[in-house]
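What follows is each chain in one-letter form.
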Amino acid sequence: MTRRDILEDEIGKKLPAIRVFSLAIDFLRKDVLDTLSRHVDTKNFESDIQWVLTVPAIWNDAAKQFMREAAQQAGIPGKNLRLCLEPEAASIYCRHLPVLKCTEQEVASFSQFSPGTKYLVLDAGGGTVDITVHEVTDNGNLKELVKASGGQMGGTKVDEAFEKFISSIVGLDVISKFKSLHMEDYIDICREFESKKRKPIHSTSSVTIRLPSSLSELCEEFRETGLRELLLQSRFENKVQVVRDRLKIDNDVFNEFFEPTVCKIISHVKNLLTTPSVDGCAAILMVGGFSESSVLQENVKSTFKDIKIIVPDEAGLAVLKGAVIFGHKPTTITERVCKFTYGEEVVHEYSESCKHPKEGHSVQVNEEQTERIATPISNDQTTINTIVYSSSSRNPQLTTEDRCKLIGKLTVPISDTSSGINHKFGTSFSFGGTKIVVKVVDKESGEMMLKSVDVLG
Ligand SMILES: Nc1ncnc2c1ncn2[C@@H]1O[C@H](COP(=O)(O)OP(=O)(O)OP(=O)(O)O)[C@@H](O)[C@H]1O
Ligand SMILES: [Mg+2]
């Protein structure tokens, strides 16, 4: 992710990604203000609003900074903005409103989860599935037990499988022509699929989807035969039929759209549950829109029979609502597990005492790492620039190692250069928050500043 990344729309028009994101955020910001202004005069208190922007926990530091800057460009001042990790928001929500909003009996006891209880939060959205494991701490807050994991295995993978299915019958050329000529019809099919995807399985033996005539016409034009004949030639011969303007799809075939994605999620969770620190995990909390899917729910329940599966009512809104609670009480999350090992580029002679904090370590939110002293290398230097690296290996030593990646830069300004190369600055990094913060202490004046590492190229 960089500030210069470009996005292309459906017909190839380009815009800087940061502009697209900031316009989307700006739309939401204005919508909130519009709604509020119907009840109160927002002009006088707009600057009092604390905005919380949620992001997947598995995002890297650059993607998080990108969102922060997009929000600032959308008119949300940095001091009024807080980033919140989505599974954490979901977890907080479910611990706050269990009795009101939960469907299952056991959930009533969820808020009383005693200290030491471990549970897994599965946030299955459209694009990403984001998984964290939390433990209730002695004072009732939450700490993260393993680094957040997951990937691109959300609900839209099911939509993609459906589109692949249609393409496999009519041909890729027909689909791409169909999209370029009849976008509204294409969107109609997607909408219809979306509503069928949300219906519980097994309620009928097949699923019907209306197909627009424009698609059949393109089939005739490109394939010189109708959809019905194309289906007879495909592997779906007996399982999918054309009935008037509808496609009647057997449940077996419809389930195949979900299968690879659901399998991936299940195997990821299975794998995670074998991690020693997660041992004794008492429950799986399913949130996010895709968690409302009965296919996903049934598979999770039948795979993890010994674990309590909790799906709050309105699972798709758990993140949103939790983020509001988090905005009021951001200290709820006290400890997170680092996804990377972080370090600075320095040159020094080899010494046994050279120790680096390791990846996968737990750090307290706002916990400062050991202070390091930096000095300028020439007398007239007005800034000290430090290059910051991350690595996915546990204990890297050199920045030239394979898995070591340059992630950003820390700039410390030197306002008074009179002490030249003897001017010492202490830097202490904190990694537990949603950005990397560095406390810089000017050892001469005693002045302290908080800097964040610029990780967005
Ligand atoms: N009842 C349902 N059954 C099946 N799928 C559903 C249901 N409700 C919503 N979805 C799917 O959930 C997805 C959207 O989930 P959600 O709103 O949590 O995503 P998001 O938070 O916007 O995405 P991401 O977390 O990837 O950024 C869509 O793919 C949608 O089809
Ligand atoms: Mg989401």
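In this text, all values refer to a predicted model and were calculated from it rather than measured experimentally.

Any chance you could explain the sheet that holds strand S18 (residues 383-391) here in plain terms?
Working definition: the strands of a sheet are paired by backbone hydrogen bonds and lie parallel or antiparallel to each other. Taken in spatial order, the three strands line up as S15-S18-S19 in an open sheet, and their pairing is antiparallel. Only two strands of the sheet have a single neighbouring strand rather than two, namely strand S15 (341-344) and strand S19 (404-413). Geometrically, the sheet is characterised by an average inter-axis angle of 25° between neighbouring strands, direction not taken into account. Of the strand pairs in this sheet, S15 and S18 are connected by four bridges, and their pairing is antiparallel. Bridge pairing in S18 places Thr 341 opposite Ser 391.

Explanation requested: the site of ligand 1 in the structure shown.
Close to ligand 1 lie 14 residues; Gly 127, Thr 128, Glu 194, Lys 197 and Gly 289 are nearest. The separation between an oxygen atom of ligand 1 and a polar main-chain atom of Gly 127 is 2.7 Å. For ligand 1, whose accessible area on its own is 650 Å², the fraction buried by protein is 73%. Looking at the shell around ligand 1 residue by residue, the class counts come to one nonpolar, nine polar and four charged. Residues lining the shell around ligand 1 come from more than one domain, with at least three contributed by each of domain 2 (87-153 + 263-336) and domain 3 (156-256).

Whenever I open this one, the environment of Ser 419 confuses me. Can you help?
Mapped onto the elements, Ser 419 comes out in the loop between S19 and strand S20 (425-430). Given the relative accessible area of 22%, Ser 419 is considered partly exposed. The spacing of Ser 419 and Asp 159 is 260 residues in sequence and 63 Å in space, taken between C-alpha atoms. A polar contact of 2.4 Å, which involves the side chain of Ser 419, links it to the side chain of Glu 444.

Which parts of the structure should I look at to understand the layout of surface pockets?
If a probe the size of a water molecule is rolled over the atoms, the empty space left behind becomes visible. Looking at the largest pocket, its volume works out to about 1,200 Å³. Thr 54, Gly 316, Leu 317, Val 319 and Leu 320 are, among the 41 residues lining the largest pocket, the residues nearest its centre. When contributions to the lining of the largest pocket are tallied by element, the ones reaching two or more residues are helix H1 (17-37), strand S3 (51-55), helix H5 (156-170), helix H7 (183-197) and helix H12 (318-328). Class assignment for the residues of the lining of the largest pocket results in 17 nonpolar, 14 polar and ten charged.

What am I meant to see in the nonpolar core here?
One broad trend across soluble globular proteins is that nonpolar side chains are buried collectively. Ranked by internal contacts, the top residues of the largest apolar core, which has 59 residues, are Leu 120, Phe 165 and Ile 284. It is helix H10 (residues 251-272) that contributes the most residues to this core, nine residues altogether. Mapped onto the domain boundaries, this core takes at least three residues apiece from domain 2 (87-153 + 263-336) and domain 3 (156-256). When near neighbours in sequence (up to four residues on either side) are disregarded, Leu 120 contacts Ile 131, Thr 132, Val 133, Val 269, Leu 272, Leu 273, Cys 281, Ala 283, Ile 284 and Leu 285. By size, the runner-up hydrophobic cluster in this structure holds 40 residues, among which are Ala 57, Val 412, Ile 414 and Leu 456.

Any chance you could explain the sheet that holds strand S11 (residues 246-250) here in plain terms?
The strand order across the open sheet formed by three strands is S9-S11-S10, and the pairing between neighbours is antiparallel. A strand with exactly one partner marks an edge of an open sheet, and here the two such strands are strand S9 (206-210) and strand S10 (240-243). Direction aside, the axes of adjacent strands within the sheet are offset by 25° on average. One ladder, built from four bridges, connects S10 with S11; its direction is antiparallel. Across the sheet, the residue bridging to Val 243 is Arg 246, located in S11. Relative to S11, H5 is tilted by about 115°, and along the sheet it contacts S9, S10 and S11. Sitting on the sheet, H10 is in contact with S9, S10 and S11, with an inclination near 80° to S11.

Parameters and conventions
Sequence order sets the numbering: in each chain, residues are counted from 1 along the sequence as written. Labels follow written order: the first chain is A, the first ligand is 1, and so on. Given that the model is predicted, a residue must reach a pLDDT of at least 70 before its local features are reported, and side-chain atom pairs must reach 80 or more before they are shown or counted; all residues, however, enter totals for whole chains, interfaces and linings. Hydrogens and water are ignored here; the side-chain numbers use all heavy atoms of the structure. A pair of strands is labelled paired if DSSP reports no fewer than 2 bridges between them. The secondary structure listing takes helices from DSSP runs of H or I that are at least 4 residues long and strands from runs of E that are at least 2 residues long, numbered from the N terminus. Axis lines are fitted to C-alpha atoms, over the contacting stretch for helices. Their N-to-C directions set the angle, which ranges from 0 to 180 degrees. When we say a residue is near a molecule or strand, we mean one of its heavy atoms is within 4 Å of it. In protein, a polar contact means a hydrogen-donor-capable atom and an acceptor-capable atom, both N or O and within 3.5 Å, with residues adjacent in sequence counting only if both atoms are side-chain atoms; elsewhere, any N or O pair within 3.5 Å suffices. In these tables, accessible area is a Shrake-Rupley quantity obtained with a 1.4 Å probe, and a residue counts as shielded only by the protein chains included in the view. In this classification, the charged set is Asp, Glu, Lys and Arg, the nonpolar set is Ala, Val, Leu, Ile, Met, Phe, Trp, Tyr, Cys and Pro, and all remaining amino acids, among them Gly, are polar. Domain limits in this description derive from either an automatic procedure or a database domain assignment. Using a 1.4 Å probe on the protein chains alone, a residue whose accessible area is under 20% of its type maximum counts as buried, one over 50% counts as exposed, and one in between counts as partly exposed. For each structure, a 1 Å grid was placed over the protein atoms alone; sets of points admitting a 1.4 Å probe that cannot get out are labelled cavities, open sets with protein on both sides within 12 Å along at least five of seven lines are labelled pockets, and lining residues have an atom within 4 Å of a point. Grid points are joined across faces, edges and corners, and a volume is the space filled by probe spheres set on the points. What makes a nonpolar core is a set of buried Ala, Val, Leu, Ile, Met, Phe, Trp, Tyr and Cys residues whose side-chain atoms join them at distances within 4.5 Å. Throughout, a residue-residue contact means that at least one pair of heavy atoms, one from each residue, lies within 4.5 Å.

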